[in-house]
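The primary structure of each chain is shown beneath.
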Amino acid sequence: MADRTIHLRTCPLCEAMCGLEVHVEDQAVKLIRPDRDDVWSKGYICPKGTALGHLHHDPDRVRAPMVREGEIWKEVTWDEAFERCSELLGDVIARHGKSSVTAYIGNPTAHALSLSRYVGVLIGMAALDCIYSAGTVDQWPKNVSSMLLYGNMWTIPTPDLERTDYMVIMGGNPQASGGSLMACADVLGKLDAIRGRGGKVVVIDPRRTGTADHADEWVPIVPGTDAALLMAIVHVLFADGLVDPTRVHVLVDNVVRVGALAAEWTPERVERACGIGADTIRRLAHELAAAPTSVVYGRIGTCNQEFGTLASWLVDVVNVLTGNFDSVGGLMFAKPVAWALSTLDDPQWADGVSFGRWKSRVGDIPEVLGQVPVGLMAEEMLLGGDEAWRALITVAGNPVISSTNPDRLDEALAGLECMISIDNALNETTRHAHVLLPGLSALEQAHFDDLILNWAVRSTGNYSPAVFAPPEDHPGEWRIFTVLGALLMGVPLADIDVDAFDDGFFSVLCEAKGVDPAAVLPLYDEGGPERLLDLQIRTGEFGDRYGERPDGLTLQSFKDAPHGLDLGPMEPRLDEVLRTANGRVDLAPSYIVADLPRLAARLDRAVDSLLLTSRRHQRSNNSWMHNVRTLVKGKDRCTLLIHPDDATQCGVVDGALARVTSERGSIEVPVEVSDEMMPGVVSLPHGWGHDKPGTRQSVAREHAGVNNNKLADPLAIDPLSNNAAINGIPVEVVPA
Ligand SMILES: Nc1nc2c(c(=O)[nH]1)N[C@H]1C(S)=C(S)[C@@H](COP(=O)(O)OP(=O)(O)OC[C@H]3O[C@@H](n4cnc5c(=O)[nH]c(N)nc54)[C@H](O)[C@@H]3O)O[C@H]1N2
Ligand SMILES: Nc1nc2c(c(=O)[nH]1)N[C@H]1C(S)=C(S)[C@@H](COP(=O)(O)OP(=O)(O)OC[C@H]3O[C@@H](n4cnc5c(=O)[nH]c(N)nc54)[C@H](O)[C@@H]3O)O[C@H]1N2
Ligand code: SF4
Ligand SMILES: [Mo]
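Just so we're clear, the structure is a prediction, and the values are computed from it rather than from any experiment. (Residues numbered from 1 in each chain as written. Chains lettered and ligands numbered in written order. Predicted model: local features only at pLDDT ≥ 70, side-chain atom pairs only at ≥ 80, totals over all residues. Heavy atoms only, no water.)

1. Quick look at the site of ligand 3
Alright, step 1. The local shell around ligand 3 consists of Cys11, Leu13, Cys14, Ala16, Met17, Cys18, Tyr44, Ile45, Cys46, Lys48 and Gly49.
Alright, step 2. Comparing atom positions with the cavity grids shows ligand 3 to sit within the largest cavity.
Alright, step 3. Considered class by class, the residues forming the shell around ligand 3 number 9 nonpolar, 1 polar and 1 charged. (Near = heavy atom within 4 Å. 1 Å grid on protein atoms, 1.4 Å probe; cavity = no way out; pocket = protein on both sides within 12 Å on 5 of 7 lines; lining within 4 Å. Sits in = over half its atoms within 2 Å of the grid points. Nonpolar A, V, L, I, M, F, W, Y, C, P; charged D, E, K, R; others polar.)

See the structure below:
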């Protein structure tokens, strides 16, 4: 029998950050099991974690750089690939200027050692006019509300679900997602524990989800009306004298103004629009105020909708008003063991944040936090003339599936003069690339989470070394970013000195943290993500500050603790994290409250069609894990969930195909009749539609499914954040 080695790893796939044991024989993964001694996840794992070996060994995974000529892909050396990038970018810039180049940043960027720490190098060096990201089909509303309330878009408070007595979950389904903007392993176990200690869990969702199965109460809600419900809860808190001023955080201003704004938002006024009785709304408000501690948590259902920013803001408002803000058992600010680059003070906001500094090239939409809706990317490519994008760099993303306007994007990408993708898959998006630069598999690179630690329910960290050596000639994604960034700065390929750039980057970050780079640089044999990680830890909340605090942590401390280090639960620390100009929280930012009349107008809108929402499944990961056979096998999961009464009314039956039509498009999909949907609302998963020619995803192709984003109107957005309103799309359902 060959020698078996066991490697401890943190799963990088979601925010649960599970500790894994990866068993390897003959350079092959034989088994993946939970690491029961992992200080954070304590033996929790989901089926995706066991698939890391399949992802690594997947014959379809792109391992060498590839260049496309017409329909023909050719594997090339890294030198040849960079040469081609240089030619293509050089030509496009010579013809149309750098203002014709844009980029798209996808989700896994947040989940990998090198991607998370270095994508900013590409963005910073390239200094493009505009980039797009999955952020505007995800959490941009929460970024806007956090920016306005706390002064940093990534200062997002997290529910203290390990210690709360009462939790309301709105628009999140951790049973499938593992938890989002709330890093916690085994969320369902934590919900069971709340109930086990006599507390209560409420899920507010149009669907009775797997999370609702672990709650005391499921409150179905009409999609897109969370802000109205929350305004009514705020109303009740004030009207019934439930706001105790002595419990409101001393750093919060404008509480009275919020009360005045809510004066007309009675439960009776919103009950019809929300589909929730006034008595239930009153009771929820009273329960939230009466519980020893309580917390309201909102996630993607509250963001990917028409009133995303209002809803995201109101989630925090309710917690402030009940006195459960920055206090144990409420909404708290995590204390990460390593700071993330994206949380550094951004010089562009030195004089305060402003929106609409420029407008989209199509549709005149004001930018928000540097981005316009991702659904516009296609139109801005197809525009023609001087203003059109001619070149695109994609990083770990698949917008032809994941963004709104997918068919137009598919068409637009086919016409680009230059497209460079940094991605491990030849998928629906990257098939249009001229150069495809693969990253490493998760098991070929070390891991230590980054931004996710900023909302982890405990201060924790875990370093995992690579399980397999990367291909010898692979530069690492951080070097790829630096090369592309330098090319976009106009540096000739032959003159690019990645290490010199990296030393410069590292030095700037040292200075930002009050450390003398000249004293620190000699400590390291090499640059790259691990040097940066060491800096993030050592100058972080628990760090040794290079010897100033001898008991403090370094990267080595984590290397010496293979099951991870736990530095305890969250502690009140609003005063430490606030980055607003006056060091206080304005609970009623004028930018946000000015949107209340739009919400009021929604109350009078008659809804006479079914409303489409999105959902996730535990065995999927956005669009990119459908090529893992063990995950996609079994029952078809790309189905239209519909309530029995609606099914009867539409004449569709379980298992048969339905045609779902919106103003934007039409798709055919199998029906799954279930009373887990509230009447009037239907649900489709996202991430499917793998039937395009020219991809290399053989398993995904057999389980193609359909792309629900074909039904989304790219201009249906929450205008405060530019985030897509993918939930609540009016649709008609008929037998196909
Ligand atoms: N209708 C609807 N649409 C949605 C959503 C929804 O709820 N409903 N959700 C939205 C959300 S929240 C998100 S985040 C987006 C996701 O949208 P995207 O980020 O655009 O897409 P993903 O499907 O996550 O694709 C990730 C890509 O990264 C590649 N990849 C994986 N790991 C690595 C790596 O280590 N290095 C490199 N270089 N590449 C890697 C994969 O091969 C894959 O091609 O989808 C959004 N779209
Ligand atoms: N297995 C798996 N895990 C994942 C992912 C994945 O694709 N698969 N993706 C990852 C990513 S990128 C993200 S952003 C997170 C997202 O994590 P979550 O936010 O937990 O996402 P979902 O599981 O889609 O749950 C969203 C819920 O919102 C409900 N909903 C829809 N519209 C509304 C509405 O208007 N109001 C309310 N109150 N609810 C509504 C839906 O019915 C659904 O139950 O998950 C991450 N984890
Ligand atoms: S819940 Fe699953 S996907 Fe998420 S970190 Fe744990 S094993 Fe990985
Ligand atoms: Mo996401």
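2. A look at the domain arrangement of the protein
Alright, step 1. Partitioning the protein into structural domains gives domain 1 (1-57), domain 2 (69-137 + 366-437), domain 3 (141-337 + 580-598) and domain 4 (606-735).
Alright, step 2. On a C-alpha basis, the centroid separation for the pair domain 2 and domain 4 is 26 Å.
Alright, step 3. Contact residues are listed per partner, giving 30 residues for domain 2 and 28 residues for domain 4.
Alright, step 4. Taken together, both faces of the contact between domain 2 and domain 4 bury some 2,100 Å²; the carbon and sulfur share is 53%.
Alright, step 5. In this assembly, domain 2 and domain 4 are joined by 2 salt bridges.
Alright, step 6. Residue Asp410 is joined to Lys692 by a salt bridge in which the shortest nitrogen-to-oxygen separation is 3.1 Å.
Alright, step 7. Linking domain 2 to domain 4 there are 14 residue pairs in polar contact (both at pLDDT 80 or more). (Domains from an automatic or database assignment. Contact = heavy atoms within 4.5 Å. Buried area = accessible area lost by both parts, 1.4 Å probe. Salt bridge = Lys/Arg side-chain N within 4 Å of Asp/Glu carboxyl O. Polar contact = N/O pair within 3.5 Å; in protein donor to acceptor, adjacent residues only side chain to side chain.)

3. Observations concerning the site of ligand 2
Alright, step 1. Surveying the vicinity of ligand 2 reveals 32 residues, the closest of which are Ser177, Asp205, Asp226, Ser620 and Asn622.
Alright, step 2. At 2.7 Å, a backbone N or O of Asn622 approaches an oxygen atom of ligand 2.
Alright, step 3. With the chains in place, 96% of the 930 Å² that ligand 2 exposes on its own is no longer accessible.
Alright, step 4. Class assignment for the residues of the shell around ligand 2 results in 7 nonpolar, 18 polar and 7 charged.
Alright, step 5. In terms of domain composition, the shell around ligand 2 takes at least three residues from each of domain 3 (141-337 + 580-598) and domain 4 (606-735). (Areas by Shrake-Rupley, 256 points an atom, 1.4 Å probe, with all protein chains shown as cover.)

4. Digging into the environment of Asp165
Alright, step 1. Relative to the elements of secondary structure, Asp165 occurs in the loop between strand S8 (158-159) and strand S9 (166-170).
Alright, step 2. For Asp165, a relative accessible area of 23% corresponds to the partly exposed category.
Alright, step 3. Not counting residues up to four positions away in its chain, the partners in contact with Asp165 are Ile194, Gly199, Lys200, Pro292 and Thr293.
Alright, step 4. Separated by 2.5 Å, the side chains of Asp165 and Thr293 make a polar contact. (Helix = DSSP H or I, 4+ residues; strand = E, 2+ residues; numbered from the N terminus. Buried < 20%, exposed > 50% of the residue type's maximum accessible area, 1.4 Å probe, protein only.)

5. Details of empty space enclosed by the protein
Alright, step 1. Considering all chains together, one arrives at 6 cavities of 30 Å³ or more under this definition.
Alright, step 2. By volume, the largest cavity amounts to about 130 Å³.
Alright, step 3. Taken together, 17 residues form the lining of the largest cavity, with Cys14, Ala16, Cys18, Cys46 and Lys48 sitting closest to its centre.
Alright, step 4. When residues in the lining of the largest cavity are grouped by element, the largest group, 3 residues, is from helix H5 (residues 174-177).
Alright, step 5. When the residues that make up the lining of the largest cavity are grouped by side-chain class, the tally is 12 nonpolar, 4 polar and 1 charged.
Alright, step 6. Taken as a whole, the second largest cavity encloses approximately 80 Å³ of empty space.
Alright, step 7. The wall of the second largest cavity is formed by Thr10, Met17, Asp38, Trp40, His447, Phe448, Asp449, Leu453, Thr460, Gly461 and Asn462.
Alright, step 8. Residue composition of the lining of the second largest cavity, by class: 4 nonpolar, 5 polar and 2 charged. (Points joined across faces, edges and corners; volume = space filled by probe spheres on them.)

6. A closer look at unusual backbone geometry
Alright, step 1. One non-glycine residue, Asp26, lies in the positive phi region at around 50°.
Alright, step 2. Mapped onto the elements of the fold, Asp26 is located in the loop between strand S2 (19-25) and strand S3 (28-34).
Alright, step 3. Even without being a glycine, Lys42 presents a positive backbone phi close to 50°.
Alright, step 4. The topology assignment puts Lys42 in the loop between S3 and helix H1 (52-57).
Alright, step 5. Judged by its relative accessible area of 60%, Lys42 falls in the exposed class.

7. Some words on the layout of surface pockets
Alright, step 1. If you add up the space inside the second largest pocket, you get close to 670 Å³.
Alright, step 2. Along its surface, the second largest pocket is lined by 31 residues, and Trp478, Glu526, Gly527, Pro529 and Glu530 are the ones closest to its centre.
Alright, step 3. Within the residue set of the lining of the second largest pocket, elements represented by two or more residues are helix H3 (113-126), helix H16 (477-489), helix H19 (529-538) and helix H20 (555-559).
Alright, step 4. When the residues that make up the lining of the second largest pocket are grouped by side-chain class, the tally is 12 nonpolar, 8 polar and 11 charged.

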